[in-house]
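Structure at a glance
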Amino acid sequence: MTAIDAVSAAPILHQNNQRKTDTMADGYLTTHVLDTARGMPASALAITLYRIDGDKRVHLAHMVTNADGRTDTPILPKDQFIPGTYELVFEAGDYLDAVGTPPETPRFLDQIPLRFGISDPDAHYHVPLLLSPFGYSTYRGS
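How each quantity is defined
Residues numbered from 1 in each chain as written. Predicted model: local features only at pLDDT ≥ 70, side-chain atom pairs only at ≥ 80, totals over all residues. Heavy atoms only, no water. Helix = DSSP H or I, 4+ residues; strand = E, 2+ residues; numbered from the N terminus. Phe/Tyr/Trp six-rings, centres within 6.5 Å; stacked < 30°, edge-to-face > 60°. Buried < 20%, exposed > 50% of the residue type's maximum accessible area, 1.4 Å probe, protein only. Lys NZ or Arg CZ within 6 Å of the ring centre and 35° of its normal.

This next bit is on unusual backbone geometry. Following Thr-105, the chain continues to Pro-106 via a peptide bond in cis, the omega torsion being -10°. We note that Ala-44 has phi near 65°; this positive angle belongs to a residue other than glycine. Relative to the elements of secondary structure, Ala-44 occurs in the loop between strand E3 (40-41) and strand E4 (46-53).

Rendered as structure tokens:
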């Protein structure tokens, strides 16, 4: 992309981001998993969502990422979106096995649990995962 293309694309990107923000106002939980070692979305990666209730984990949902590394629907829809502590468990080991990452016994990363809090029932919570065989990172996205 040339500098001129980037400048002319900027208003379109801003408009798309604005539409995206408007549709998130109802509040829900989403994710996006990117395989940083392969430079592509992590498709067919299983994810389980739990609500933490004291010392118990209550199972809420189980989904698998699509070709874009996202789930086809929000992981936690608006009617179940309440403040509290949650945990997403990403089945990284199974995914890494499926894409042909050389195996280890035990694998350095197998299940990746991400525990986080939802404090605003009207906000969109996006919890992406950037994954490689030997590391990962996450953040609260938009």
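Before going further, it helps to examine the packing of aromatic side chains. For the structure on display, the rule yields 3 aromatic pairs. Taken together, a centroid distance of 5.8 Å and an interplanar angle of 50° make the contact between Phe-81 and Tyr-125 tilted. With Phe-81 in the loop between strand E5 (56-64) and strand E6 (84-91) and Tyr-125 in strand E8 (residues 124-126), this residue pair connects regions lying 44 residues apart in the sequence. For the pair Phe-81 and Tyr-125, one class covers both residues: buried. Here Tyr-86 and Phe-116 contribute two aromatic rings whose centre-to-centre distance is 6.3 Å and whose plane-to-plane angle is 25°, an arrangement assigned as stacked. Highlighted residues: Tyr-86 in strand E6 and Phe-116 in strand E7 (residues 111-118), separated in sequence by 30 residues. Both residues of the pair, Tyr-86 and Phe-116, belong to the buried class. One Lys or Arg, Arg-57, reaches over the ring of Tyr-50 and ends 3.9 Å from the middle of that ring. Against the face of Tyr-125 rests Arg-140, its NZ or CZ located 3.8 Å from the ring centre.

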